[in-house]
Amino acid sequence: MNRIYIGLLILSVILISGCTSDTKPVDPVNPDNITVNSIYVSMAEYQEQDISVTIVNDANEPIDSVTVTSFGNFKVLDSEMLNIPGKTDDVAVALPLGVHFESPGYQIASNTTDLTISYASGRDEKGKPIVQTKTVPVETIVFPDAQLQLVGFVKDMQSLLESPVEKWELKKGENATLSFSVKNNGQTTIDENSLVVHYNVENERIGGNDSFTIQQAMAKGGTSYTRGLLVPVMKDAPNGETDVIISLLYGDIVIDTEVLVLKVKL
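Residues numbered from 1 in each chain as written. Predicted model: local features only at pLDDT ≥ 70, side-chain atom pairs only at ≥ 80, totals over all residues. Heavy atoms only, no water.

Turning next to the pattern of salt bridges. Two side chains that carry opposite charge are able to pair once their charged atoms sit near each other. Across all of its chains, the model carries three salt bridges by this definition. The shortest N-O distance in the salt bridge between Lys167 and Glu241 comes to 2.6 Å. With Lys167 in strand β11 (residues 167–170) and Glu241 in strand β16 (residues 240–250), the pair connects residues that are 74 residues apart, well separated along the chain. You can call Lys167 partly exposed: its relative accessible area is 45%. (Salt bridge = Lys/Arg side-chain N within 4 Å of Asp/Glu carboxyl O. Helix = DSSP H or I, 4+ residues; strand = E, 2+ residues; numbered from the N terminus. Buried < 20%, exposed > 50% of the residue type's maximum accessible area, 1.4 Å probe, protein only.)

Shown next, in the form of structure tokens:
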């Protein structure tokens, strides 16, 4: 008798659990109702960076466990996880989502990279949340990890290998001589003729600008030759000081800058 009672009890538990496990599915939030506000990423290769993207939920239902799952050939190192409630009074809910990532080599990066987030919403027949994804294009620029070095003024073009100084004094109509070289701090070889050193005399009454293209390819840790540019001072230049801005350019991108001082004597 006890065995029959126990058997009936077990059967009733199974039947009850079977009934309660049947759950009516709930449709997940459509990705079209999720907006990822556009961002812009500009950085040197193989560097780490933190950014914040704004996730907007324009659905009436909440979305949970919102996180960044991939970012093209950028390596996602860490991402926050958010629960975003549904909109109320027809007002969408927007929350920032932080992500920490590492850039790829500059030669394999593209100008547009897909950022993908995942989120959970609704439920399936077993009552489990349904995971959805949303992918958006992000404007990305990755440039060589290079820097100016040994930048300064020297006596003349025959003195480029001497120790440069940050401030130079001269008379109207004379030439200053700018000395510089470039170093590759990154992991990817920088092609020849892809970097340009440009100077600009801030006071246009004193001087102008000029550029020099780095003609050497540079592997990891490599450097260019030490080169020079003449900085002519105008014959009618006012006396006094002006900054001379030296920039290292990769296309239109300024990847390093140094500032020197030029002083015109009476």
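Here we come to the packing of aromatic side chains. Inspection of the entire model under this criterion finds five aromatic pairs. An angle of 75° between the planes, with centres 5.6 Å apart, marks the rings of Phe74 and Phe101 as edge-to-face. Residue Phe74 is found in the loop between β4 (63–71) and β5 (75–79), and its partner Phe101 is found in strand β7 (residues 93–102); the two are separated by 27 residues along the sequence. Given a relative accessible area of 0%, Phe101 falls into the buried group. Among the aromatic residues, those joined into a cluster by ring pairs are Phe71, Phe74 and Phe101. (Phe/Tyr/Trp six-rings, centres within 6.5 Å; stacked < 30°, edge-to-face > 60°.)

Turning our attention to unusual backbone geometry. With a phi close to 55°, Ser65 is a non-glycine residue in the positive phi region. Secondary-structure assignment places Ser65 in strand β4. A positive phi angle, close to 50°, is found at Asp89, a residue other than glycine. Here Asp89 lies in the loop between β6 (82–84) and β7.

Let us now look at the side chain of Lys87. Relative to the helices and strands, Lys87 resides in the loop between β6 and β7. Here Asp58 takes part through its backbone oxygen, which lies 3.3 Å from a polar atom of the side chain of Lys87. A polar side-chain atom of Lys87 sits 3.1 Å from a polar atom in the side chain of Asp90. Excluding residues within four positions of it along the chain, Lys87 makes contact with Asn57, Asp58, Ala59, Asn60, Ala92 and Val93. (Polar contact = N/O pair within 3.5 Å; in protein donor to acceptor, adjacent residues only side chain to side chain. Contact = heavy atoms within 4.5 Å.)

Once that is clear, we can look at the confidence of the model for the protein. Taken over all residues, the pLDDT of the protein has a mean of 91, while the share at 70 or more is 91%. Here residues 1–20 is a poorly scored stretch, pLDDT under 50, and it has zero contacts once near neighbours within four places are set aside; other chains count. (pLDDT = per-residue confidence, 0-100.)

Okay, the pairing of strand β12 (residues 175–184) next. Taken residue by residue, a regular strand's side chains alternate between the two faces of the sheet. Most of β12 is tucked away, with eight of its 10 residues classed as buried. Pairing between strand β10 (residues 146–154) and β12: seven bridges, direction antiparallel. Residue Leu148 lies in a different strand from β12, and its bridge partner there is Val182. (Pairing = 2+ DSSP bridges.)

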